[in-house]
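Structure at a glance
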Amino acid sequence: MPFLGQDWRSPGQNWVKTADGWTRFLAERENSSGSFASERNSYCRKDDYNKENILNSMNCDVAVKKRKKDQLNNKTKIQYFHQEKWIYVHKGSTKERHGYCTLGEAFNRLDFSSAILDSRRFNYVVRLLELIAKSQLTSLSGIAQKNFMNILEKVVQKVLEDQQNIRLIRELLQTLYLSLCTLVQSVGKSVLVGNINMWVHRMETILHWQQQLNNIQITRPAFKGLTFTDLPLCLQLNIMQRLTDGRDLVSLGQVAPSLQVLSEDRLLWKKLCHYHFTDRQIRKRLIMSEKGHLDWKKMYFKLVRCYPRKEQYGDSLQLCRHCHILSWKGTDHPCTANNPEGCLTSLSPQDFINLFRF
């Protein structure tokens, strides 16, 4: 027997704390057969409990590792998308180009969301959106199509806020809507990536944007100082010669009677024709007025229907001929040429799309 006051709880035995003190959980194996069965059942329950704890612990560890991996991947994707402002365009038709360098990939990585906030790049991006809407929607991946609609929404919101380039965006939305009608109704449901209901919802959104643009009210500035019509006629004519769209000249002529006279100037329309079209194209579309002179205004609108107009942008995308990297003007890229600036070639929106045709 243990001595009085000695701790008689030996290691290896199970004890439970009760109101009367510590009590041995298991009886001695030799006491009775019932105690042996009780001991065996207790150990079995203990083993099951330990196995369940181990399994739960393993599941928690796997969940934690998966969550950390997902967070790391998300952070990597966000940094990757926002840090790189250029894309490598492989020369020639190869598996690498087909699998990686696509129009959708370029559209996702060239930061068009920031480009529309730059007045020098705005018209370039709008023209590119228009060309994609006409014939390249099916070439975009699901993510690229979503990005296309997000950028278009930002363009519309910008126009609604600053009340500029309204006609340009109206034409863009009309082109996109007609293309979607053709793809959804005539061609079939498998042409566009995504559910057909999603594209129907997007078409409804386009109609809503068109309604917003139609309801826009141009607010006159509060400034009551010198206006355009207060300038000398020679300066007014000089400013009008800077306009590259004949529709702008017509709209400007509707503002005031004096501007109406200037907007009909033959020399003004002659310069506009020679700016956009070649001499050969002009000779094919000669129109004589009643007085026996060339009607340059009518010739301009006829030439517009027959030939594409000259495009000029303040800033554009450019391709490095040495390393075949596509980026915005002024964007640094890892070029190994001795004179990187001399290897850059500016691309029109159509040239940009032609890079990804194969």
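Remember, predicted model here, so these are calculated numbers, not experimental data.

Looking now at the pattern of salt bridges. Enumeration according to the criterion identifies 13 salt bridges in this entry. The residue Glu130 makes a salt bridge to Arg127 at a minimum N-O spacing of 3.3 Å. With Glu130 and Arg127 both in helix H5 (residues 119–135) and three residues apart, this pair spans about one turn of that helix. Residue Glu130 is classed as buried on the basis of its relative accessible area, which comes to 16%. In this structure, the salt-bridge partner of Glu264 is Lys297, at a minimum N-O distance of 2.9 Å. With Glu264 in the loop between helix H11 (257–263) and helix H12 (266–276) and Lys297 in helix H14 (residues 296–306), this pair connects stretches of sequence that are 33 residues apart. A residue is classified by how much of its surface remains accessible, and Glu264, at 38% relative accessible area, is partly exposed. If you follow the salt bridges from partner to partner, you end up with Arg167, Glu171, Asp245, Arg247, Asp248 and Arg309 in one network.

It is at 11 Å that the axes of H5 and helix H6 (residues 142–162) come closest, and there the two elements cross at 135°. Classified by the angle between their axes, H5 and H6 sit oblique to one another. Relative to H6, H5 is oriented so that their crossing is left-handed. Contacts between H5 and H6 involve Phe122, Val126, Leu129, Ile132 and Ala133 from the former and Phe148, Ile151, Val155, Lys158 and Val159 from the latter.

In this structure the tally under the stated criterion is eight aromatic pairs. Judged by centre distance (6.4 Å) and plane angle (75°), the ring pair of Phe112 and Phe352 falls under edge-to-face. Here the residue Phe112 occupies a position in helix H4 (residues 112–115), and Phe352 occupies one in helix H15 (residues 349–354), the gap between them amounting to 240 residues. For Phe112, a relative accessible area of 1% translates into the label buried.

By volume, the largest pocket amounts to about 1900 Å³. Looking at the largest pocket, it is lined by 45 residues, and the ones nearest its centre are Asn165, Arg167, Leu168, Asp245 and Asp248. Among the elements of the structure, H5, helix H7 (166–187), helix H10 (246–253), H12 and H14 are those that each provide at least two residues to the lining of the largest pocket. At seven residues, H5 tops the list of elements feeding residues into the lining of the largest pocket. Classifying every residue of the lining of the largest pocket gives 17 nonpolar, 13 polar and 15 charged.

Counting through the fold element by element, Asn238 comes out in helix H9 (residues 233–240). Asn238 sits 30 residues away from Leu268 along the chain, and the two C-alpha atoms are 9.4 Å apart.

Across the sheet, four strands lie side by side as S3-S5-S4-S6; this open sheet has antiparallel pairing. Edge positions in the sheet fall to strand S3 (86–88) and strand S6 (344–346), since each of these pairs with one other strand and no more. Pairwise comparison of adjacent strand axes, ignoring direction, gives a mean angle of 25° for this sheet. Of the pairings in the sheet, the one linking strand S4 (residues 317–320) to strand S5 (residues 325–328) comprises three bridges and is antiparallel in character. In the strand pairing of S5, Leu319 is matched with Leu326.

One turn of the α-helix equals 3.6 residues, which is why residues spaced by three or four share an orientation. The terminal C-alpha atoms of helix H8 (residues 196–214), which comprises 19 residues, lie 27 Å apart, in line with the 27 Å expected from a rise of 1.5 Å per residue. All of the buried residues in H8 are Trp199, Arg202, Met203, Ile206, Trp209, Gln210 and Leu213. Buried residues in H8, looked at end-on, bunch into an arc of 115°, giving them a common side. Every exposed residue of H8 that faces more than 90 degrees away from the buried side is listed here: Asn197 and His201.

Looking now at the environment of Lys302. Among the structural elements, Lys302 can be located in helix H14. Looking at Lys302, the relative accessible area reads 29%, which means it is partly exposed. Distance from Lys302 to Arg285, taken between C-alpha atoms, is 7.3 Å for residues 17 residues apart in sequence. The residues touching Lys302, leaving out its near neighbours within four places in the chain, are Arg285 and Ile287.

Moving on, we get to H12. Those residues of H12 not exposed but buried are Leu268, Trp269, Leu272, Cys273 and His276. Along the axis of H12, the buried positions cluster into a sector of 135°, meaning they face one direction only. Check the buried side of H12 and you find it contacts H9, H10, H11, helix H13 (279–284) and H14. Capping the start of H12 is the job of one residue whose side-chain oxygen sits 3.2 Å from the backbone nitrogen of Leu267: Asp265.

A separate point is the pairing of S5. The side chains of a regular strand alternate between the sheet's two faces. The alternating pattern of S5 places Ile325 and Ser327 and Leu326 and Trp328 on opposite faces, both of which are buried. In terms of strand pairing, S3 meets S5 through three bridges, oriented antiparallel. Looking at S5, one finds that Tyr88 is bridged to Ile325. Counting the residues that bridge the hairpin from S4 to S5 gives four residues, and of these His324 lies at a positive phi of roughly 60°.

Conventions used here
- Residues numbered from 1 in each chain as written.
- Predicted model: local features only at pLDDT ≥ 70, side-chain atom pairs only at ≥ 80, totals over all residues.
- Heavy atoms only, no water.
- Salt bridge = Lys/Arg side-chain N within 4 Å of Asp/Glu carboxyl O.
- Helix = DSSP H or I, 4+ residues; strand = E, 2+ residues; numbered from the N terminus.
- Buried < 20%, exposed > 50% of the residue type's maximum accessible area, 1.4 Å probe, protein only.
- Axes fitted to C-alpha atoms, helices over the stretch in contact; angles between N-to-C directions.
- Parallel < 35°, antiparallel > 145°, perpendicular 65-115°, else oblique.
- Left-handed = near helix turned anticlockwise from the far one by under 90°.
- Contact = heavy atoms within 4.5 Å.
- Phe/Tyr/Trp six-rings, centres within 6.5 Å; stacked < 30°, edge-to-face > 60°.
- 1 Å grid on protein atoms, 1.4 Å probe; cavity = no way out; pocket = protein on both sides within 12 Å on 5 of 7 lines; lining within 4 Å.
- Points joined across faces, edges and corners; volume = space filled by probe spheres on them.
- Nonpolar A, V, L, I, M, F, W, Y, C, P; charged D, E, K, R; others polar.
- Pairing = 2+ DSSP bridges.
- Expected span 1.5 Å × (residues − 1).
- Arc of directions from axis to C-beta.
- Polar contact = N/O pair within 3.5 Å; in protein donor to acceptor, adjacent residues only side chain to side chain.

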